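Report on the structure
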Amino acid sequence: MAGRLREFCRKRLVALKRKPQIIAMLVLVVAYLYYSLNLSQIANTTALINGPHMGLAEFAVMLFSALGLVSFLNSFPHRKKANVPMLILTFLMIGLLIYCDIYYGSRITIALTREESPISPTGKNAFVAVAQNVVRVHMILVIIGAALLALLPAYAPLIRKINTNIEVAGNSDMGAIDISGEDA
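Before going further, it helps to examine helix α3 (residues 39-49). Residues I42, T45, T46 and I49 constitute the buried set of α3. What you see down the axis of α3 is that its buried residues fit within an arc of 100 degrees, all on one side. Following α3 by one or two positions, N50 has its phi on the positive side, about 55 degrees.

Overall, the prediction assigns the chain a mean pLDDT of 89, with 91% of residues at 70 or greater. Across the chain, helix α2 (residues 22-37) holds the top mean pLDDT of 96, while helix α1 (residues 2-18) sits lowest at 85.

Attention now goes to the environment of A150. In this structure, A150 sits in helix α6 (residues 126-150). Under the relative-accessibility criterion, A150 is labelled partly exposed at 46%. Residues A150 and F91 lie 59 residues apart in sequence; the distance between their C-alpha atoms is 8.9 Å.

This next bit is on the packing of α2 against α6. Direction vectors running N to C along α2 and α6 enclose 165 degrees, while the axes themselves pass 8 Å from each other. As judged from the angle between their axes, α2 and α6 are roughly antiparallel. The two elements α2 and α6 cross, and the hand of that crossing is left-handed. For the pair α2 and α6, contact is made by I23, A24, V27, L28, V30, A31, Y34 and Y35 and by N133, V134, V137, H138, L141, V142, I144, G145, L148 and L149, respectively. Looking at the contact of α2 with α6 residue by residue, the classes come out as 15 nonpolar, three polar and no charged.

So, how was this worked out
Per chain, residues are indexed from 1 in the order of the written sequence. For a predicted model such as this one, the threshold for reporting local features is a pLDDT of at least 70, and the threshold for listing and counting side-chain atom pairs is 80 or more; totals across whole chains, interfaces and linings nevertheless cover every residue. Only heavy atoms go into the side-chain values, all of them from the structure, while hydrogens and water stay out. Accessibility here uses a 1.4 Å probe with only protein chains present; expressed as a share of the type maximum, an area under 20% marks a residue as buried, one over 50% as exposed, and anything in between as partly exposed. The secondary structure listing takes helices from DSSP runs of H or I that are at least 4 residues long and strands from runs of E that are at least 2 residues long, numbered from the N terminus. An arc is given here, and it is the one of the directions from the helix axis to the C-beta atoms. The quantity called pLDDT is the predictor's confidence in a given residue, expressed from 0 to 100. Axis definition: a line fitted to C-alpha atoms, over the contacting stretch in the case of helices. Angles run 0 to 180 degrees between N-to-C directions. For classification purposes, an angle smaller than 35 degrees is called roughly parallel, one larger than 145 roughly antiparallel, one from 65 to 115 roughly perpendicular, and anything else oblique. Put simply, a crossing is left-handed when the front helix is turned counterclockwise from the back one by less than a right angle, and right-handed when it is turned clockwise. Contact definition: two residues touch when any of their heavy atoms are within 4.5 Å. The classification used treats Ala, Val, Leu, Ile, Met, Phe, Trp, Tyr, Cys and Pro as nonpolar, Asp, Glu, Lys and Arg as charged, and all other residues, Gly among them, as polar.

As structure tokens, this is what we get:
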């Protein structure tokens, strides 16, 4: 069992050495899934607050998340150099995601702190606090993903230095092998 686990981990490390950009992509996928799975909280908050362009910001986050992942996948074609225009487009979409999260979060803050009939994020409106936290966590995950993508040239050589060779017993004494072809 330990040998299987060790071989599984080694294979994952080899795959990571070949495509180190998978780390940034996984972080962005986690951010997308986190936002998507909490979309009902976001939608309920949008319906309650009904601030200007909140629904548009919510839609833009979903749209740019999906398109950002597609452009990310096209930024690193198989066995070719990075596609710089697609990489720039990926960073542009990440920037738009961060802007939309900041805008949506500010609309929630305005609704909670306004003087005239502020919304209380407790009781039946507890989803507002959940949505505010979802937006913050999503923004943090997207920033981490962008940082990992930007720092890819720095940490990719370090990952490639990881030794994933298999030590095979009996290969150390290659001179002792009889290759003459004579039967004894």
